[in-house]
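# Observations on the three-dimensional arrangement
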Amino acid sequence: MAYLSTSESSCIIYYNCLALLSRHPGPDVRSQLTLIWWEEERYPEGIKWKFLEHKGPVFAPPYEPLPENVKFYYDGKVMKLSTKAEEVATFFAKMLDHEYTTKEIFRKNFFKDWRKEMTSEEKSTITNLSKCDFTHMSQYFKAQTEARKQMSKEEKQKIKEENERLLKEYGYCVMDNHKERIANFKIEPPGLFRGRGNHPKMGMLKRRIMPEDIIINCSKDSKIPPPPPGHKWKEVRHDNKVTWLVSWTENIQGSIKYIMLNPSSRIKGEKDWQKYETARRLKKCVDKIRNQYREDWKSKEMKVRQRAVALYFIDKLALRAGNEKEEGETADTVGCCSLRVEHIKLHPELDGQEYVVEFDFLGKDSIRYYNKVPVEKRVFKNLQLFMENKQPEDDLFDRLNTSILNKHLQDLMEGLTAKVFRTYNASITLQQQLKELTNPDDNIPAKILSYNRANRAVAILCNHQRAPPKTFEKSMMNLQSKIDAKKEQLADARRELKSAKADAKVRRDEKSKKIEEQLMKLEVQATDREENKQIALGTSKLNYLDPRISVAWCKKWGIPIEKIYNKTQREKFAWAIDMAEEDYEF
DNA sequence: CTCTGGACTTAGAATTTAATAT
DNA sequence: ATATTAAATTCTAAGTCCAGAG
């Protein structure tokens, strides 16, 4: 096992204390600590747990056929569908309002898979999707949704209690000495596959998962979850080199899906903390690595030059590694190593800047990356070289892939991979921005605005975008009218203050101060919201920013941690909230 | 070296719940 | 009390990275 730094050790102590306290809530903590330390320390490489017990997954509720009065029409005539065909039809009917159902690929894939579920009579009748009328079914589901909203308090309460019962029974497991929350204990229900972007498989039928598809993973000496009556598990295994509890193979891509633990769990928390420790190790050697790749821009070897330019992009622009993808299986998206010639434009001069590279490509989730970046002359010249005699659809880095790149990175630092640069650059940016933007004299709302701006700088770096909320314009207008009303109120209060008698002045003054503060708060809120229109802060907050930076910042400026992290986030980052002091440096 | 399967993290949209306005 | 809006939570797709076989 690798040498542990002080902070690494304290993290382990932290988790052991948790285990200890949950087992023996008593005063004799110290004497047992050593014991547990040893118990957990001696896990050999790759062993994730010694004991794992859970109740298995919760399956999707069975299909409930439509009431008789809900009709499906084919070519203008009522048609009663078989249960299987009807179920698949309802999937389409439920999506009728969505743009998806107008897309040619979606319709083609859906129709092909739907026909597989039909009886031979249905198959011979239903030959054209355009002649299918799902509107009545769609209306029925809308009415159902509406009815659900209108349910009485008691009915809603009943549903809530049922969900709580399910969570209590299936939502937790025991891993070693901890009772842990499971992340996704419910099996994904059947439905129509919706890929992101221009996905060739959109509309395909995602089949219902049965117990016979399920692999259970738990320890031998645990109570093995029984399959539902009349069913069998595909397999029960006892593999303590993995962290998952349940797995099955999904039918769209043929990939494996898992049930794993919640981010609040020890096993996820430790991994998360390790990730940030790796990024901090990069901090110590990043200068050396940067000098190295700059040298490599001059290399005689094409492969080395490409590697060095790609690494420069990954470092400077926080691009993803960019694995190769199987053509036709997924949407056409790229990362750094898979960039094609058509994704960049070279401008020797643009808007008064020299050597500008214009990036335009679809990245993960088909989110567009568009950026005009001035680069160093050597990089520019190299790119020209890489593009020589190539077609637009050719790979920019034809001598490079993620495996070559990561192998190189591994040589530069143990545990270094392309994604570590994203984590490192995100976290260091937050830390720098917080230092730069926090004004000690600001009140709490203004300081939080600064925090959000620092967070936003990271989200922009990582290209975390969102579709502007549908009601964005309206909500901005509402906020503006609130501000106007508050301004009026303030003007009134000030007038009253002026005309007030001496004995009432103090009270009036306090009143206008209070209104002033409320106004300021609203204005800050408006600024924050406007700046956040197309930016998604959540992803960086949850996955890229070392939470200890935020915890330290809160401690330093007396900001309650609840203002930065909600309940779920506080659970996920419990380790950091307990560990980090105000002087923590990433 | 390439190819594939497997395990895990990261991602934005959709849905649900809570807070606030009416 | 009800309707509207915002925040929190859920959902599951889409990446990264690694190991092992050939």
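Residues numbered from 1 in each chain as written. Chains lettered and ligands numbered in written order. Predicted model: local features only at pLDDT ≥ 70, side-chain atom pairs only at ≥ 80, totals over all residues. Heavy atoms only, no water.

### A short note on the nonpolar core
In terms of nonpolar packing, the biggest core is built from 74 residues, with Leu282, Phe313, Leu319, Phe359, Leu383 and Phe397 touching the most fellow members. The residues that make up this core include at least three from each of domain 3 (271-414) and domain 4 (425-579). If we skip the residues at most four places from it in the chain, Leu319 touches Phe313, Ile314, Cys336, Leu339, Phe361, Tyr369 and Arg422. (Core = buried A, V, L, I, M, F, W, Y, C linked by side-chain atoms within 4.5 Å. Buried < 20%, exposed > 50% of the residue type's maximum accessible area, 1.4 Å probe, protein only. Domains from an automatic or database assignment. Contact = heavy atoms within 4.5 Å.)

### Focus: the UniProt feature "coiled-coil region" (unreviewed entry) in chain A
Residues given the UniProt feature "coiled-coil region" (unreviewed entry) here are residues 142-169 and 476-532. Taken end to end, residues 142-169 has its terminal C-alpha atoms 32 Å apart, with 93% of it in helix and 0% in strand. Within the segment residues 476-532, helix and strand shares are 95% and 0% respectively, and the terminal C-alpha atoms sit 12 Å apart. (UniProt positions renumbered as here; feature names shortened; annotations may be inferred. Helix = DSSP H or I, 4+ residues; strand = E, 2+ residues; numbered from the N terminus.)

### Observations regarding the environment of Val356
Tracing the backbone through its elements, the reader meets Val356 in strand E14 (residues 353-362). The sequence separation of Val356 and Pro374 amounts to 18 residues, and the corresponding C-alpha distance is 4.1 Å. Residue contacts for Val356: discarding those within four places in its chain leaves Lys345, Leu346, His347, Leu350, Lys372, Val373, Pro374 and Phe380.

### So, the UniProt feature "domain: DNA topoisomerase I eukaryotic-type" (unreviewed entry) in chain A
Taking the numbering used here, the UniProt-annotated feature "domain: DNA topoisomerase I eukaryotic-type" (unreviewed entry) corresponds to residues 192-558. Taken as a whole, residues 192-558 contains 50% helix and 11% strand, while its terminal C-alpha atoms sit 49 Å from one another.

### Describing the layout of surface pockets
The calculated volume of the second largest pocket comes to roughly 880 Å³. In terms of lining residues, the second largest pocket is bounded by 25 residues, among which Pro61, Tyr63, Phe91, Lys94 and Phe141 are the most central. Of all elements in the fold, only helix H3 (83-94), helix H6 (135-150) and strand E7 (191-192) reach the threshold of two or more residues within the lining of the second largest pocket. Tallied by class, residues from the lining of the second largest pocket come to 14 nonpolar, four polar and seven charged. Residues lining the lining of the second largest pocket come from more than one domain, with at least three contributed by each of domain 1 (52-60 + 154-266) and domain 2 (72-150). (1 Å grid on protein atoms, 1.4 Å probe; cavity = no way out; pocket = protein on both sides within 12 Å on 5 of 7 lines; lining within 4 Å. Points joined across faces, edges and corners; volume = space filled by probe spheres on them. Nonpolar A, V, L, I, M, F, W, Y, C, P; charged D, E, K, R; others polar.)

### Details of the protein's contact with DNA strand C
Surrounding DNA strand C, one finds 28 residues, the nearest of these being Arg196, Lys257, Gly322, Lys419 and Thr568. Within 4 Å of the protein, atoms of DNA strand C come from sugar and phosphate in 90% of cases. Thr417 places a side-chain nitrogen or oxygen 2.8 Å from a phosphate oxygen of DNA strand C. Measuring from a phosphate oxygen of DNA strand C, one finds a side-chain N or O atom of Arg529 at 2.8 Å. (Near = heavy atom within 4 Å. Polar contact = N/O pair within 3.5 Å; in protein donor to acceptor, adjacent residues only side chain to side chain.)

### Comments concerning the protein's contact with DNA strand B
Lys268, Lys275, Lys364, Thr539 and Tyr544 are the nearest of the 28 residues found near DNA strand B. Restricting the count to atoms of DNA strand B within 4 Å of the protein gives a sugar and phosphate share of 85%. Here a phosphate oxygen of DNA strand B and a side-chain polar atom of Lys48 are 3.0 Å apart. One of the side-chain nitrogen or oxygen atoms of Arg320 is found 2.8 Å away from a phosphate oxygen of DNA strand B. Elements represented by at least two residues in the surface near DNA strand B include exactly strand E12 (256-259), helix H8 (266-296), helix H12 (418-437) and helix H16 (538-543). The element best represented in the surface near DNA strand B is H8, accounting for three residues. Of the residues in the surface near DNA strand B, the class split is eight nonpolar, seven polar and 13 charged.

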